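Listed below are the residues making up each chain.
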Amino acid sequence: MMPSFPNISTSKNQQDGRKLANGNCKNQQVLARRQLILQHRKSLPIASVERRLVEEVRKNDTLIIVGETGSGKTTQLPQFLYNAGFCHDEKIIGVTQPRRVAAVTVAKRVAEECNVELGQKVGYSIRFEDATSSSTRIKYMTDGLLLREALLDPLLSRYSIIIVDEAHERTVHTDVLLGLLKKVQLARSHPTTNQHNFIKANAKGREDEPRSFSPLKASESAKSTSLKLIIMSASLDARCFSEYFGGAKAVHVHGRQYPVEVLYTYQPEPDYLDATLITIFQIHLEEASGDILAFLTGQEEIESVERLVHERIRQLPDGSQNLLTVPIYASLPSEQQMNAFRPAPSGFRKVILATNIAETSVTIPGIKYVIDPGLVKARSYNPVTGMESLIIIPTSKAQALQRSGRAGREGPGKCFRLYPESEFSKLTDSTVPEIKRCNLSNVVLQLKALGIDDIIGFDFMEKPSRMAIVKSLEQLFLLGALSDDYKLSSPVGQQMARLPLDPMYSKALILAAEFKCLEEMLIVVAMLSVESIFYFPREKMEEARAARKSFSSPEGDHITLVNVYRASAECLEKSKTTNCKEKTMEKKLNKWCRENFINYRSLRHARDIHSQIEGHIQQMGFSPSSCGDDMLQFRRCLTASFFLNAAMKQPDGSYRALSSSQIVQVHPSSVLFRTKADCIIFNELVRTNQNYVRNVTRVDPLWLPELAPQYYAADS
DNA sequence: GAGCACTGC
């Protein structure tokens, strides 16, 4: 959860600081601020149990901490442990977070509380950004990044303590990390027995590593210290974590949350959007002042409720029209997202129409009323067909609690659940962990690279279905990442595991080095790794279409993406030659994106991925190559890489996916939507109203048996 | 002629 520090607002203090020219006053300001911070720290619920917590960590190798919202566990516990001497011998306390922003903001906050420069004693590390140094002792990071670190140092020997925060969210990364940490802890506590096998397997699998470690050295250094694990969760049920860690002790830390009155409907609501609308106005007309937060499932619902609210406001008497709507969802440009955080003009009530983003990712101040229709849009994945879809399902009890909690951050609040109380008891306790509803290829590849060969026997906290694991193993085998005995292959499997990409994309890069089109493929995998690059606002559909046409390639979407990337790079090059500062260059790129209906955030992300992967493949010794204008060569490489995603045209114009025999359509957003090529490869299979394939390129069907004989030879 | 909750390396 995104922490908020209401008592002391950084920006306000900085502003005050700027106003004061006098240095003496400035010093007083600094002193006053330090005093405030100290007071704030002392007032946190966790402060009163510092000694007890430190004692429990000393006594137990694994500790579960159930900390309610506002307990201060994330910022304070690492400081307690540091002060208690857990960083001797240059050891580090690592704290993982599921989200990047949380890692950054908490690290900044703790650095300030410790009165140190960020990146020194207190730092953070997230993808594309490392604010740590050799003196860092308290390190905040994303859980995915710690998993990557484990590939280089499987015993995580630099850490004396690892704190896994927000474990109740059960992201894939958290779940894999918990399984790994359990193994690492065992290996570090019994260096002579368990550790040996574990290390050996790892060392063997990573012979090509330039930074390869010596197994002996690792075991020697690990012998001296065991690894302390602290699992922090906000869910009231610590049992599952405790059981998983062999009956680990769980302690409870109180939070600071105001009471929230929960109200239910008498009857189930047949139309939850209408019910939401009615509830908004019921609150607006009958309840005391305070902003409203309504949870909806997606952009479309938010836009439609927003329209309906506006219509109804106009029908109200003049004195009651003081209601303002603010939408917030992830794909909304950040400038517009900021509107949700601005206070409503005086005399107005604000109603925020939000997706799940407001459940954990952002904390909006001033919320007194929450409307919860009890539904959420969730990703589901079918391992047999490889089909992804988004479905609307009921929330879990934990999610409902999380949502209602949003009304009690600053004072007592009310939550209106738009279903009867009897329905609440029927909800599942917690959300199905992500690991049970996603493609596991990446997880399996990483575990293999960590020397864990028996994936089906791996001690997951909650085991994914056997089918899902088998399908991933099969896919990795077909990509050449696994050898005949299902061990990580050398060098292909090892190289693939090093790249932070979907395994199919990693393989594409390795092949592109052979096909001499590495430059083009690097652009394509970076662009395919981000959310959609093109932006189609409803009101400017024609202009957007024209803009995209200027990048279009008749061969398909992959080359179109290369064209977009190169055009954007050209725009940046131009501003570079005119000696622009970095900020100005970004502004120019932003402007270019708006003119060309490109999503700036996505392109920025793609550029970051591009440069990160470029670094990796240089380190791995691949020489740069470009196919120039020879796009045939590039399409052949696409075929060799994505042969598992090939489809043939049917007489009726639909397509049949060759691996699963499903009938699919080319998505209307594809440049090949009208072309109807005989044979295509694609990168995404999504079910909405129909089965759609997206990111499509036309290929020659004869290339399939030629370039992927391991899969197609028998058919041809 | 469609539509995409949210994260992450």
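Just so it is clear, the model here is predicted, and its values are computed rather than measured.

Engineer: Tell me about the pattern of salt bridges, residues and numbers included.
Structural biologist: For the coordinates displayed, the defined rule picks out 33 salt bridges. Residues glutamate 113 and arginine 109 are paired through a salt bridge, measuring 3.0 Å at the closest nitrogen-oxygen approach. Remark: arginine 109 and glutamate 113 occur in helix 5 (residues 100-113); sequence separation between them is four residues, near one turn of the helix. Just as glutamate 113 is buried, arginine 109 falls in that class too. With a shortest N-O distance of 2.9 Å, arginine 698 and glutamate 555 are connected by a salt bridge. Of the two residues, arginine 698 sits in strand 21 (residues 691-698) while glutamate 555 sits in the loop between helix 21 (541-549) and helix 22 (557-577), which places them 143 residues apart along the sequence. Residue classification places arginine 698 among the partly exposed positions, given a relative accessible area of 32%. Where salt bridges share partners, they join Arg170, Asp175, Lys436 and Glu462 into one cluster.

Engineer: Describe in detail the packing of aromatic side chains, supporting the description with residues and values.
Structural biologist: Using the criterion set out here, one finds nine aromatic pairs in the structure. Plain terms: the ring middles of phenylalanine 477 and tyrosine 486 are 5.4 Å apart, the flat faces sit at 25 degrees to each other, and that makes the pair stacked. Exposure remark for phenylalanine 477: the relative accessible area of 30% places this residue in the partly exposed category. Of the residues examined, tyrosine 486 reaches a relative accessible area of 34% and is grouped as partly exposed. Site record: aromatic cluster; members linked through ring pairs are Tyr264, Tyr419 and Phe424. A cation sits over an aromatic face here: arginine 548 above phenylalanine 534, 5.5 Å from the ring centre.

Engineer: If you had to explain the packing of helix 22 against helix 25 (residues 631-641) to someone new, which residues and values would you point to?
Structural biologist: The contact between helix 22 and helix 25 brings their axes to 11 Å, and the two run at 120 degrees. The angle between the axes of helix 22 and helix 25 places the two elements in the oblique class. Handedness of the crossing formed by helix 22 with helix 25: right-handed. Taking contact as the criterion, the partners of His558, Ile559 and Val562 in helix 22 are, on helix 25, Met631, Phe634, Arg635 and Leu638. The class makeup of the residues in the contact of helix 22 with helix 25 is five nonpolar, one polar and one charged.

Engineer: Lay out helix 22 in plain terms, naming residues and giving numbers.
Structural biologist: The first and last C-alpha atoms of helix 22 sit 30 Å apart over 21 residues, in line with the 30 Å expected at 1.5 Å per residue. Those residues of helix 22 not exposed but buried are Asp557, His558, Ile559, Thr560, Leu561, Val562, Val564, Tyr565, Ser568, Cys571, Leu572 and Ser575. The inward-facing, buried residues of helix 22 contact helix 20 (518-528), helix 23 (582-596), helix 24 (600-619), helix 25, strand 20 (679-687) and strand 21. Count one or two residues on from helix 22 and you reach asparagine 579, which has phi positive near 60 degrees.

Engineer: So what about the sheet that holds strand 7 (residues 228-233)? Which residues, and what values?
Structural biologist: Taken in spatial order, the eight strands of this open sheet run 4-3-5-2-6-7-1-8, and their pairing is mixed. Strands with a single pairing partner mark the edges of an open sheet, and in this sheet they are strand 4 (129-131) and strand 8 (249-253). Taken pair by pair, the neighbouring strands of this sheet meet at an average axis angle of 20 degrees, ignoring direction. Contacts from helix 5 reach strand 2 (92-97), strand 3 (122-126), strand 4 and strand 5 (138-142), with the element oriented near 170 degrees to strand 3.

Engineer: Any details on unusual backbone geometry? Residues and values, ideally.
Structural biologist: Following serine 490, the chain continues into proline 491 via a peptide bond in cis, with omega recorded as 0 degrees. On the secondary structure map, proline 491 appears in the loop between helix 17 (466-478) and helix 18 (492-498). Phi angles above zero are rare outside glycine, and leucine 156 is one such case at about 45 degrees. Within the element layout of this structure, leucine 156 appears in the loop between helix 6 (143-152) and strand 6 (159-164). In this model, arginine 170 sits at a positive phi of 55 degrees, which is unusual for a non-glycine residue. As for its position among the elements, arginine 170 is in the loop between strand 6 and helix 7 (172-189). We classify arginine 170 as buried; its relative accessible area is 7%.

About the criteria used
- Residues numbered from 1 in each chain as written.
- Chains lettered and ligands numbered in written order.
- Predicted model: local features only at pLDDT ≥ 70, side-chain atom pairs only at ≥ 80, totals over all residues.
- Heavy atoms only, no water.
- Salt bridge = Lys/Arg side-chain N within 4 Å of Asp/Glu carboxyl O.
- Helix = DSSP H or I, 4+ residues; strand = E, 2+ residues; numbered from the N terminus.
- Buried < 20%, exposed > 50% of the residue type's maximum accessible area, 1.4 Å probe, protein only.
- Phe/Tyr/Trp six-rings, centres within 6.5 Å; stacked < 30°, edge-to-face > 60°.
- Lys NZ or Arg CZ within 6 Å of the ring centre and 35° of its normal.
- Axes fitted to C-alpha atoms, helices over the stretch in contact; angles between N-to-C directions.
- Parallel < 35°, antiparallel > 145°, perpendicular 65-115°, else oblique.
- Left-handed = near helix turned anticlockwise from the far one by under 90°.
- Contact = heavy atoms within 4.5 Å.
- Nonpolar A, V, L, I, M, F, W, Y, C, P; charged D, E, K, R; others polar.
- Expected span 1.5 Å × (residues − 1).
- Pairing = 2+ DSSP bridges.

No statement about biological role is implied by the geometric values presented.
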